[in-house]
Amino acid sequence: MFGTLGLAVAVGYGASKFAGTVVRRGMPIDRLMPGKAVSAPVGFVLSGPDGAHDVLASRRGAPFLLHVWATWCSPCRHELPGLAAFMTAWGPDCPVVPVAVSSGSPEEIRAFLERNDLGGLPVWTMAGEALKVWSANRALAIPVTFLIDGAGRIRATAAGSLDWAAPEAPAALRRVLAATSA
């Protein structure tokens, strides 16, 4: 059901704020170029702070990226500063939905993000069990990013970190979204 376009590939090095370590950058965003639909429409219910809920079906009509991460995932923690900067630079209509899985309550996620100066990321979470059911109990490595088309179907999957900090990342995402809409 889920084709993996590739595992994270080292394409350079960048500084990470976590423990002052140097980490590998992820794969280019344009590795998410759409193929044929490989799933039924995604219909997760996400939990947010203060009892907020969002249904991914509400995003139908335009393609977007669903980025699944976890607080306990080291590659995820190294990728988050780049993702936060990318989303801030893009603005409020950023077509990326980051979702923490099996990482605690939305309040715990918010505290984690604030502790790590990542307060600009949206606070959405879901239970690992929901992800497991949706993926038909297939093992999914995280971080993982899904390209979801306007009908809610998965059109590409990238297992591993993406290089959100690359200078060409915004243009690459625009190309991916345009190809998905075509």
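A few points on the structure.

1. A few points about the packing of aromatic side chains
Moving on, step 1. Summed over all chains, the structure comprises three aromatic pairs.
Moving on, step 2. Measuring from centroid to centroid gives 5.2 Å for Phe86 and Trp164, while their planes differ by 55°, and the two rings are tilted. Pair noted here: Phe86 is in helix H1 (residues 74-90) and Trp164 is in the loop between strand E9 (154-159) and helix H4 (169-181), with a separation of 78 residues, a long-range link. One exposure class covers both Phe86 and Trp164, and it is buried.
Moving on, step 3. Through pairs of rings, three or more aromatic residues link up here, namely Phe86, Trp90 and Trp164.
Moving on, step 4. The side chain of Arg59 reaches across the aromatic face of Phe64, ending 4.8 Å from its centre.
Moving on, step 5. Across the ring face of Trp90, the terminal group of Arg174 is positioned such that the distance to the ring centre comes to 4.4 Å.

2. What to know about the side chain of Arg155
Moving on, step 1. Looking at the element boundaries, Arg155 is found in strand E9.
Moving on, step 2. Among the polar contacts listed, one links the side chain of Arg155 to the backbone oxygen of Gly35, at a separation of 2.5 Å.

3. Observations concerning unusual backbone geometry
Moving on, step 1. That bond from Ile142 to Pro143 is cis: its omega, 5°, falls within 30 degrees of zero.
Moving on, step 2. For Ser102, which is not glycine, the phi torsion reads 50° and is therefore positive.
Moving on, step 3. Structurally, Ser102 can be placed in the loop between strand E6 (96-101) and helix H2 (106-115).

4. Brief notes about the pairing of strand E8 (residues 144-148)
Moving on, step 1. A large share of E8 lies buried, amounting to five of its five residues.
Moving on, step 2. Sheet topology note: the strand E5 (residues 64-69)/E8 ladder contains five bridges and is antiparallel. Across the sheet, Leu65 pairs through a bridge with Leu147, a residue of E8.
Moving on, step 3. As paired strands, E8 and E9 are joined by five bridges and run antiparallel to one another. Bridge pairing links Ile148 to Ile154 in E9.
Moving on, step 4. Hairpin connection from E8 to E9: five residues lie between these consecutive antiparallel strands, with Gly152 at a positive phi of about 90°.

5. A closer look at the nonpolar core
Moving on, step 1. Judged by nonpolar contacts, the single largest core of 53 residues is most densely connected at Phe44, Leu66, Phe86 and Val96.
Moving on, step 2. For this core, the secondary structure elements donating two or more residues are E5, H1, E6, H2, helix H3 (128-134), E8, E9 and H4.
Moving on, step 3. Ranked by residue count, the leading element in this core is H1, at seven residues.
Moving on, step 4. Residue contacts for Leu66: discarding those within four places in its chain leaves Phe44, Leu56, Val97, Val99, Val144, Thr145, Phe146 and Ile148.

Conventions used here
Residues numbered from 1 in each chain as written. Predicted model: local features only at pLDDT ≥ 70, side-chain atom pairs only at ≥ 80, totals over all residues. Heavy atoms only, no water. Phe/Tyr/Trp six-rings, centres within 6.5 Å; stacked < 30°, edge-to-face > 60°. Helix = DSSP H or I, 4+ residues; strand = E, 2+ residues; numbered from the N terminus. Buried < 20%, exposed > 50% of the residue type's maximum accessible area, 1.4 Å probe, protein only. Lys NZ or Arg CZ within 6 Å of the ring centre and 35° of its normal. Polar contact = N/O pair within 3.5 Å; in protein donor to acceptor, adjacent residues only side chain to side chain. Pairing = 2+ DSSP bridges. Core = buried A, V, L, I, M, F, W, Y, C linked by side-chain atoms within 4.5 Å. Contact = heavy atoms within 4.5 Å.

Bear in mind that shape data such as this cannot, by itself, settle questions of function.
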